Structure formats: C-alpha cells, structure tokens
Amino acid sequence: MAGLIIREAHFPGRAPVDAYGDGGFRFADMSHRGSILCLPSGIYGWQPADPLALKPSDFEKLFAEAGQVEILLVGMGKELRRLPEALRAALKDARISADPMSTGAAVRTYNVLLAEDRAVAAAFIAVD
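First, a word on scope: everything that follows refers to the structure included in this document. On a predicted model such as this, the values are computed, not experimentally measured, just so you know. (Residues numbered from 1 in each chain as written. Predicted model: local features only at pLDDT ≥ 70, side-chain atom pairs only at ≥ 80, totals over all residues. Heavy atoms only, no water.)

The next thing to look at is the overall build of the protein chain. Across its full length, the protein chain holds 3 helices and 9 strands. Its helices and strands in sequence order give the protein chain the pattern β-β-β-β-β-β-α-β-α-β-α-β, from N to C terminus. Its C-alpha atoms give the protein chain a radius of gyration of 14 Å, within 12% of the compact-globule value 14 Å for 128 residues. When burial is assessed residue by residue, the protein chain has 45% of its 128 residues classed as buried. Of the roughly 7,200 Å² of accessible surface on the protein chain, a fraction of 51% belongs to carbon and sulfur atoms. Within the protein chain, the 16 negative side-chain charges are centred at a point lying 2 Å from the centre of the 14 positive side-chain charges. (Helix = DSSP H or I, 4+ residues; strand = E, 2+ residues; numbered from the N terminus. Rg over C-alpha atoms; globule rule 2.2 N^0.38 Å. Buried < 20%, exposed > 50% of the residue type's maximum accessible area, 1.4 Å probe, protein only. Areas by Shrake-Rupley, 256 points an atom, 1.4 Å probe, with all protein chains shown as cover. Lys, Arg positive; Asp, Glu negative; His and termini not counted. Charge placed at Lys NZ, Arg CZ, Asp CG, Glu CD.)

Despite not being glycine, A28 has its phi angle at roughly 50 degrees, a positive value. Inspection of the secondary structure puts A28 in the loop between β3 (24–27) and β4 (30–33). Phi at D29 is positive, roughly 60 degrees, even though this residue is not glycine. Of note, D29 is situated in the loop between β3 and β4. Relative accessible area serves as the criterion here: at 83%, D29 is assigned to the exposed category.

A word on the sheet that holds β4. If you trace the 3 strands from one edge of the open sheet to the other, you get β2-β3-β4, paired in antiparallel fashion. The strands lining the two open edges of the sheet, one partner per strand, are β2 (17–21) and β4. Recorded for the sheet is a direction-independent mean angle of 15 degrees between the axes of neighbouring strands. Here β2 runs beside β3; their pairing, made up of 4 bridges, is antiparallel. By the bridge assignment for β3, V17 is matched with F27. Those strands touched by helix α3 (residues 103–115) are β2 and β3, and its axis lies near 180 degrees from that of β2. (Pairing = 2+ DSSP bridges. Axes fitted to C-alpha atoms, helices over the stretch in contact; angles between N-to-C directions. Contact = heavy atoms within 4.5 Å.)

As structure tokens, this is what we get:
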C-alpha cells in the first residue's frame, strides 16, 4: 500500500472565480483554502512568504509565463496596498502591467477580463 501523496494544488486551465472569503476561493466546481495564483497555464495554490511584503520571488511562476501575460491583478487582501518597488520594477522589466486592489475588486475585474479573453493573470491573497 502506497503512502499518502501530497501534490501541489493546481487546476490545469483558466476559470472564473465563483466565490471568495472564509480564507479561500471557489472556482471550476472546486474550492481551495488559502491564496491562489491564476495564470494562463492554470490556477495554483500560492503562499507568498509575507503577504504584506510581496517580493519578485513570490511570482516565479508568473515570470515563467510572462510572454502570455499583459495584465496582473493583485488582490492585496481586504485593503489596497501599494506593490513594493522591487516587485514593480521586476514586473515592468517583464512587460507586465500590475494593478493592485482589494481581493474582492481583483476577483471581479479578473472575471470580466477573463470573459473578454484578455491576457490576464491574477494573484489573490485570501481574505476571511
């Protein structure tokens, strides 16, 4: 009998976010507890080292797909915060326009841009 295998949380495809709150998200008839990163290659469980101080290293998967992304929406939690300068510079170098906002506003905007088939990615910090 094989032991329990723990895999990285990943949904292979693009899907709108149906609901958020209670520390997680619902999408594609699934739910995920914690933050998520929505990329052209799929939706991933995402755990930034410090959600209050995002760093370029928190976005390695995004930078690997930078050629397919024009806009990054960053759901910063309950309140809007400015992206740290190092992250803004790295995104600019990758030619990705970043727009930080509350997680709720980011989810709504992401769903609209996704429906328009735009080259959008999103990083959503979970809220309670």
